[in-house]
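Fold and contact review
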Amino acid sequence: ALVLCHNPQTRRSAVELVERVSRSGPPGEHKKALLAVLDATEGAAELRDARRRWFEQLLALETEAGALGVMERAAAEFPNEEAIWRAAEELAVQRGDPGAAVRAYERALERTTDVETAEMLGRRLLQFADQHVDNPRALTPALERLLALAPGARWVFDRVKFTLTSEQRWQPVPLIEELKAK
């Protein structure tokens, strides 16, 4: 069935078959089937909704070392999907590594050029970090990226000021100086 996923004419039938088979097996087999079908359908725009659903299912099942990779992959493909980010955050916290979610947000911010997406990611990141990250310095790269993407977003500027003040870091930050000059 996975071979058929590569052919656009047979893809839909193959995907339905893989989904039926994966649901009837034990969780370990379900994870393998989901990973395989995600690999086989990468880039298939017509399966976007199905791929999002598969990532959500996989994140709910995943508890092993590969979980963080799945989380990053899902977040990269669906940066605007709240359910994906919620699952990713929960997974990172469960695994005792909230920094993994912060890194996933940073990578998503690095890839986006859309201001609206960047602001949504930034707000989610800050909300998550306020609850789970002890070191505000860990947010500095993401905040600087947000300032670069959305220089008019006052909330980002205020958070950068707050972070720099809490770090007792008052020397000029090049990006802030550049924004002041505009």
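In this section: the overall build of the protein chain. A count of helices and strands for the protein chain gives 11 helices and zero strands. Put simply, the protein chain runs from its N terminus to its C terminus through helices and strands in the order α-α-α-α-α-α-α-α-α-α-α. Buried residues in the protein chain amount to 42% of all 182 residues. In the protein chain, 57% of the contacts between residues at least 6 apart in sequence involve partners at least 24 apart.

Once that is clear, we can look at the packing of helix α9 (residues 140–149) against helix α10 (residues 154–166). Helix-helix packing is described using two parameters, namely the angle between the two axes and the distance between the axes. Between α9 and α10, the shortest axis-to-axis distance is 9 Å and the interhelical angle comes to 150°. Taken as axis vectors, α9 and α10 run roughly antiparallel relative to one another. The chirality of how α9 crosses α10 is left-handed. Residue-level inspection shows Thr-140, Leu-143, Leu-146 and Leu-147 of α9 in contact with α10, the latter providing Trp-155, Val-156, Phe-157, Arg-159, Val-160 and Thr-163.

Looking at the secondary structure, you find Glu-77 in helix α5 (residues 67–77). By relative accessible area, which is 26% here, Glu-77 ends up partly exposed. Remark: the alpha-carbon pair of Glu-77 and Arg-48, spanning 29 residues in sequence, is separated by 9.3 Å. Contacts of Glu-77, omitting those with residues within four sequence positions, involve Arg-48, Arg-51 and Phe-55.

Tallying each qualifying case throughout the model produces 13 salt bridges. Across the pair Glu-42 and Arg-73 runs a salt bridge whose closest N-O atoms are separated by 4.0 Å. With a gap of 31 residues between them, Glu-42 in the loop between α3 (27–40) and α4 (48–61) and Arg-73 in helix α5 connect regions that are remote in the sequence. Given the relative accessible area of 57%, Glu-42 is considered exposed.

This part takes up the side chain of Arg-124. Position of Arg-124 among the secondary structure elements: in helix α8 (residues 115–132). Note on Arg-124: relative accessible area 10%, which makes it buried. Within the structure, Arg-124 has its side chain in polar contact with the side chain of Tyr-105 (distance 3.1 Å). Contacts of Arg-124, omitting those with residues within four sequence positions, involve Glu-82, Trp-85, Arg-86, Glu-89 and Tyr-105.

Our next topic: the confidence of the model for the protein chain. This prediction gives the protein chain a mean pLDDT of 79; 81% of its residues lie at or above 70. Averaged pLDDT values over the elements of the protein chain bottom out at 56 in helix α1 (residues 2–5) and peak at 93 in α8.

Summed over the entire model, instances satisfying the criterion amount to two aromatic pairs. For the ring pair Phe-55 and Phe-78, a centre distance of 6.1 Å and an interplane angle of 70° mean the geometry is edge-to-face. With Phe-55 in helix α4 and Phe-78 in the loop between α5 and α6 (82–94), this residue pair connects regions lying 23 residues apart in the sequence. Across the pair, exposure class does not vary: Phe-55 and Phe-78 are buried alike. Plain terms: the ring middles of Trp-85 and Tyr-105 are 4.0 Å apart, the flat faces sit at 10° to each other, and that makes the pair stacked. One end of the pair, Trp-85, is in helix α6; the other, Tyr-105, is in helix α7 (residues 98–111), with 20 residues separating them in the sequence. Summarising the burial analysis for this pair, Trp-85 and Tyr-105 share the class buried.

Procedures and definitions
Residues numbered from 1 in each chain as written. Predicted model: local features only at pLDDT ≥ 70, side-chain atom pairs only at ≥ 80, totals over all residues. Heavy atoms only, no water. Helix = DSSP H or I, 4+ residues; strand = E, 2+ residues; numbered from the N terminus. Buried < 20%, exposed > 50% of the residue type's maximum accessible area, 1.4 Å probe, protein only. Contact = heavy atoms within 4.5 Å. Axes fitted to C-alpha atoms, helices over the stretch in contact; angles between N-to-C directions. Parallel < 35°, antiparallel > 145°, perpendicular 65-115°, else oblique. Left-handed = near helix turned anticlockwise from the far one by under 90°. Salt bridge = Lys/Arg side-chain N within 4 Å of Asp/Glu carboxyl O. Polar contact = N/O pair within 3.5 Å; in protein donor to acceptor, adjacent residues only side chain to side chain. pLDDT = per-residue confidence, 0-100. Phe/Tyr/Trp six-rings, centres within 6.5 Å; stacked < 30°, edge-to-face > 60°.

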